[in-house]
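Structural description and commentary
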Amino acid sequence: MRPHSLLALALTAAATTTLRAQSSTCRAADDESARLISAAKLMVTSTDSRWIQARNAYQLSVVPDTAIALVTDDSVCAQAGSAYNSALADGLRHERSLYVVRVGDRYVVEDPSTDASGAEYRLIVTLSSAFVVLAKGAA
Amino acid sequence: MPCSISGVNVVRRANRYARLVRLTGLLTLPLIAASCSGDRPVAPTTPVPTPAGRPERSVVTPLGNFQLTIPATNTDGGSLPWTSTGITIPAGSYYRIRINGSVTVSPNPAHQEAYPGGTYPDVGTYGPGGTGKGAWELRVGVRLHNTTGGGITDVPFTMQSGTSAPDSARSDIRYAGTEAVVEAGRAGISGSTNDNCCNGNIGFYTLASTQVVSVELVTDAVHVTADPSAVKAGQRVTFTARDDNGALVGVNSWSYEQDPGVTAREPAGCWWNNPCVATLYGSLTWTAHTNIGTGSAHVTVYSDFRLDADKAEAYAGDTVTFTPKLDDKPAVALRWKWVPSDTSAHDGTICAADSTCKKVMVGSGTMWAYLSSAGGQGDSAAVTVTVIRVCITNDSILDTQAVQRVLRSLWVHSNADDPTTENRREQVAFVYRNPATGEYSAVEWPNPSFNSPCKSLPGSPAASAPPMSWLVAEVHTHPFHAFDGLPIGCTGWLAVGSWAFYDPVSYGGPSGRDWDQVNSMRAVDEQGNEHKIPEYVIDQDYVYKAVPDTPRSQWLLNTPTFPRHDSSVPCTFP
């Protein structure tokens, strides 16, 4: 195969990856999203040392309850999905259905279907408003 | 009168046996006479090293038995002449001879018929001491007949006589300097009538015997103690030689042999005194030479004495092993004392003189080890052990001691304190409940080929496990503190070079997958009914209990959570 053909194939693969990431969607509100929102609220409001530790670990700030909400905008979830995928190993990057919780100017993102290769934990990430991964928790 | 053999002072002590005894009929059994120049058996004088752990009881090896026969009547006196038992005692042996059984004397029917109206005063049953009448009637004698030279040595016994006397007798432990065959005999019993005409001579009695002579070799019959068993140079030690019964043994001489390489000042001798007190300057073995053998004790001369414990902290029920050490080498403490920190506690321990003392811990305290058996003498050393109080959880499974022990082991096997986090391991155990007794137990199920710092599955039981139908809970570990970074090796699902922290709060303690598992896992009871079981998760800070079918909304704030450490008590779990 000639070099320019290889380049074309690589670009196609990258576009496919982006396309798949962009196709990530928001999960609807349910018991699981309620749990994630509750956890986020405790992190940013609780005075318990353990929750304060969690707030610091996830790089969240103290914000009022009202600044915490489940995101339902698929364009936001698509960008969150792309960022979430970037935290994962190559073979695990694909389109997702995500819980994205806005916490002030940050997002807490979790995909409860994450296949972590048999590991114990699920990945929860904190994203900046620019969808940069700030913290990764294994919960 | 003392005399010297091979540079060792020896005193003969057996003159008390110097007399002769004449028996009825054919026998004369001379007993031993002794002097310095005589042929009385003499104990060896070469120091005999005593192996460590010398038994405190004699070692007895049976050499043989011999049935003593008896004539049917005493018409011809009824004696048993000296007869070889066929039992040979090897040269240089210590031996003991026992005589067991009795002779039964009954009226002779032939005499009764021939001489009606006769009386038979000696009817009865007699032990080896005989009747006590006449010339040692029915008394058993034993002697040694040297196989070379033909010398004969009588074996003395202390015997009682008469019908109420014991039916057994034994000799002291004695030394056979040369090989000898054991011979035995028995005196007869008087009483016969002879009309010199029609009936002739007829004995009064019929005789029957169950008597057996038994010969045994005896070793380690002398037990020497050294008190203290360890001293500093220039201190005094008391050596005492005793027999199996704890009685002082007559010592012919003492000798010593310094340990290899020891070139300390020689101690003064002790003649034949027992106990013997000596001032020591170097480690040595001190030996008593007696008529029943030799016995030795070792004394260590040291400069440093300390007591080690294999655990500085322990849980109630744990066994702690204490080891006294002299100059870093394990030693024997002659006395131990446990002093509980809580002086009102009834917490004592009795340990014999030994190189270790094992104590099942009840409460904190201090163990003392002493080098002397007498209070106020000898050196001592102490070590304190703190008993860790286990936190009460009010969870029936977690508050079971048998379960706690396994959980402690599970945690130890998790290597949770290893600073190299890659070396930590999740570990799994199952908890069982005996349906008959209601008792809980737990067994680890290690799975070294699968488990990692971040994942685990049950492998094979580490110990005999109860039936799976008794299963009531699963336990596994998360060997991290909250928000510790997980090792990259077990987060291979993250982008290369990326890492995540351990988050035990977002799902209420157990991980998301733990909740998946607790809601999907099924146990099957003895009736074949499926049921869900709770899952305990132990991390560095807490124990969490994932209860099946807990509503998701309850996970965060209502998962039962038990602190691993409570400084207000203080206590720790498990």
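Residues numbered from 1 in each chain as written. Chains lettered and ligands numbered in written order. Predicted model: local features only at pLDDT ≥ 70, side-chain atom pairs only at ≥ 80, totals over all residues.

1. Observations regarding the overall build of chain B
Our working definition: Working definition: helices are DSSP H or I runs of at least four residues, strands are E runs of at least two. Numbering for both runs from the N terminus. Contact between residues is assigned whenever the C-beta positions, reconstructed from backbone atoms, fall within 7 Å.
Across its full length, chain B carries four helices and 44 strands. Long-range contacts, defined here as pairs at least 24 residues apart, represent 67% of the contacts in chain B between residues at least 6 apart.

2. Focus: the environment of A316(B)
Residues and elements named next belong to chain B. Our working rule: Residues with at least 20 neighbouring C-beta atoms inside 10 Å of their own are called buried, those with 12 or fewer are called exposed, and the rest are partly exposed, where every C-beta is derived from the backbone.
Considering the arrangement of structural elements, one finds A316 in the loop between β27 (313-315) and β28 (319-326). Classification of A316 as partly exposed rests on a count of 15 C-beta atoms within 10 Å. For the pair A316 and M361, spaced 45 residues apart in the sequence, the C-alpha separation amounts to 5.0 Å.

3. Focus on the nonpolar core
Test applied: Connectivity within a nonpolar core runs through C-beta atoms within 7 Å, and the core itself is a set of buried Ala, Val, Leu, Ile, Met, Phe, Trp, Tyr and Cys residues.
Counting 77 residues, the largest nonpolar core has A40(A), V100(A), V101(A) and V109(A) as its most contacted members. Top contributing element to this core by residue count: helix α2 (residues 31-45) of chain A, with six residues. By size, the runner-up hydrophobic cluster in this structure holds 75 residues, among which are M159(B), Y205(B), V224(B) and C357(B).

4. Looking at the sheet that holds strand β17 (residues 205-209) of chain B
Residue and element names in this part refer to chain B. We apply this condition: Pairing between strands is defined by DSSP: at least two bridges between the two strands are required. Here the axes come from fitting lines to C-alpha atoms, over the contacting stretch only for helices, and the angles between their N-to-C directions go from 0 to 180 degrees.
In spatial order, the strands read β9-β8-β17; together these three strands make up an open sheet with antiparallel pairing. The sheet terminates laterally at β9 (124-126) and β17, the two strands that pair on one side only. The mean inter-strand angle of the sheet, taken between neighbouring strand axes irrespective of direction, is 20 degrees. By the bridge criterion, three bridges tie strand β8 (residues 103-107) to β9 in an arrangement that is antiparallel. Bridge pairing in β9 links V105 to G124.

5. Observations concerning unusual backbone geometry
Cis geometry marks the peptide bond from D227(B) to P228(B), where omega comes out at 0 degrees. Turning to its location among the elements, P228(B) is positioned in the loop between β19 (223-227) and β20 (230-231). Going from F573(B) to P574(B), the amide bond is cis rather than trans, its omega being -5 degrees. Note on placement: P574(B) falls in the segment after β44 (571-572). Positive phi, close to 55 degrees, is recorded for Q59(A), a residue that is not glycine. Considering the arrangement of structural elements, one finds Q59(A) in the loop between α3 (49-57) and β2 (68-70). Look at Q59(A) and you get exposed, because 12 C-beta atoms sit within 10 Å. Within the chain, D327(B) stands out as a residue other than glycine whose phi angle is a positive 50 degrees.

6. A short note on the interface of chain B and chain A
Put simply, the test is: Residues are sorted three ways: Asp, Glu, Lys and Arg are charged, Ala, Val, Leu, Ile, Met, Phe, Trp, Tyr, Cys and Pro are nonpolar, and all the rest, Gly among them, are polar.
Contacts between the two partners involve 27 residues from chain B, matched on the other side by 31 residues from chain A. If you list the elements that add at least two residues to the side of chain B that touches chain A, you get β37 (501-502), α3 (512-520) and α4 (552-558) of chain B. Tallying contributions element by element places α4(B) first for the side of chain B that touches chain A, with four residues. Its residues assigned to classes, the side of chain B that touches chain A shows 15 nonpolar, seven polar and five charged. Sheet analysis places strand β6 (residues 133-138) of chain A next to β37(B), joined by two bridges and oriented parallel. Its bridge partner being in β37(B), G137(A) is matched across the sheet by F501(B).

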